[in-house]
Amino acid sequence: MPEAGALYRRALLGALPGLGGGRRGPGLPAVELAASGVTVDRAHLADYDRVCGFRLTDRLPATFPHVMGFPLALRLMTAPEFPIPLTGVVHVGNRITVRRPITADETLDFTTYAQDLRPHDRGRQVDVVLVGSVDGEEVWRGVSTYLGRERKPGGGERRHQSGRPEAPVATARWRVEPRVGTRYARVSGDHNPIHTSLLGARLFGFRRPIAHGMWSKARCLAALENRLPDAYTVEVAFKLPVPLPSTASFALLPDGGFALHDSRGRPHLAGLVS
């Protein structure tokens, strides 16, 4: 696996004028990256479970293979050919399919590639696919949708502009402390400064650090842990960020959906298990 810290440093340096920044190409890199023989560190898994609220077991949460393969996806996204610079990317959606339970004694092989570059009214979107396999059998698949914001006119998908629906009744409320940003960064390898630093957050337009979107998804799945089957797909759309600190309200919906809202009823996340 690549070393995530070095990739972040390269991305930040590349964003500086004269050091590799500039407009990206119009297409996707015609490459698939692979890493084989990736094992589970049980201490790392336990730390991840604690940060996200999962029970301590040898069974991997659905979101943990995303963390295991994240450095490989990050290597793809920091390549010069990748159409969206990492420093301006926004994670707007994630879909995970669990084919069967995965345990900590299994060894995984990962592949990653980009697909479906498409216009959006605020720039361009792209899907980064990460696939986990055991002995040649696909056991896990994650698709992360990223938005690269660009100042350009018209075209592409648009957000629905209707009024905000009434927030569902909360089944739980969670106090999200500032340490969530740094603790999740350590267990995930995602050290984006918008999650860990007041200065870093303000440089990117946030008043204070925000929680990782994948922490929010994992925390919701931890609340559903007893209800999840052996094989399923869970998809989320990330809405407004979760500021650190704040209080988030979790709601379980009757159709298999779930949601996370702030204290004023504004949505942080909308999800569905199928």
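Scroll up to find the structure.
Residues numbered from 1 in each chain as written. Predicted model: local features only at pLDDT ≥ 70, side-chain atom pairs only at ≥ 80, totals over all residues. Heavy atoms only, no water.

Asker: It is not clear to me how the sheet that holds strand β10 (residues 267-273) should be interpreted in this structure. Could you clarify?
Answerer: Adjacent strands of a sheet form backbone hydrogen bonds with each other and so pair up, either parallel or antiparallel. Strands sit in the order β1-β3-β4-β5-β2-β7-β10-β9-β8-β6 across an open sheet of 10 strands; the sheet is antiparallel. In the strand order of this sheet, the two ends are held by β1 (33-38) and β6 (172-176), each with one partner. Neighbour-to-neighbour, the strand axes of this sheet turn through a mean angle of 20°, independent of strand direction. Looking at chain direction, strand β4 (residues 123-134) and strand β5 (residues 137-149) are connected through 12 bridges and run antiparallel. (Pairing = 2+ DSSP bridges. Helix = DSSP H or I, 4+ residues; strand = E, 2+ residues; numbered from the N terminus. Axes fitted to C-alpha atoms, helices over the stretch in contact; angles between N-to-C directions.)

Asker: So what exactly am I meant to see when it comes to the packing of aromatic side chains here?
Answerer: Two aromatic rings are characterised by how far apart their centres lie and by the angle between their planes. All chains considered together, the criterion is met by five aromatic pairs. Plain terms: the ring middles of Y48 and F54 are 6.3 Å apart, the flat faces sit at 15° to each other, and that makes the pair stacked. In this structure, Y48 and F54 share a single accessibility class: buried. Taken together, Y48, F54, F64 and Y184 form an aromatic cluster joined through their ring pairs. When the ring centre of W174 is taken as reference, the NZ or CZ atom of R219 above it lies at 4.1 Å. (Phe/Tyr/Trp six-rings, centres within 6.5 Å; stacked < 30°, edge-to-face > 60°. Buried < 20%, exposed > 50% of the residue type's maximum accessible area, 1.4 Å probe, protein only. Lys NZ or Arg CZ within 6 Å of the ring centre and 35° of its normal.)

Asker: Can you help me understand the pattern of salt bridges in this one?
Answerer: Side chains that differ in charge, positive against negative, can pair when their charged atoms come close. Considering all chains together, one arrives at 13 salt bridges under this definition. Here R59 makes a salt bridge to D230, at a shortest N to O gap of 2.9 Å. You can see R59 sitting in the loop between α2 (42-52) and α3 (64-77) and its partner D230 sitting in the loop between α6 (213-223) and β7 (232-238), a full 171 residues away along the chain. For R59, a relative accessible area of 39% gives the class partly exposed. Taking the relative accessible area as the measure of exposure, D230 reaches 47% and is therefore partly exposed. The salt bridge involving R100 is made with E137; its shortest N-O contact spans 3.6 Å. Here the residue R100 occupies a position in the loop between β2 (89-98) and β3 (108-120), and E137 occupies one in strand β5, the gap between them amounting to 37 residues. A residue is classified by how much of its surface remains accessible, and R100, at 22% relative accessible area, is partly exposed. We classify E137 as partly exposed; its relative accessible area is 39%. Members of the salt-bridge network, linked through shared partners, are R99, E138 and R141. (Salt bridge = Lys/Arg side-chain N within 4 Å of Asp/Glu carboxyl O.)

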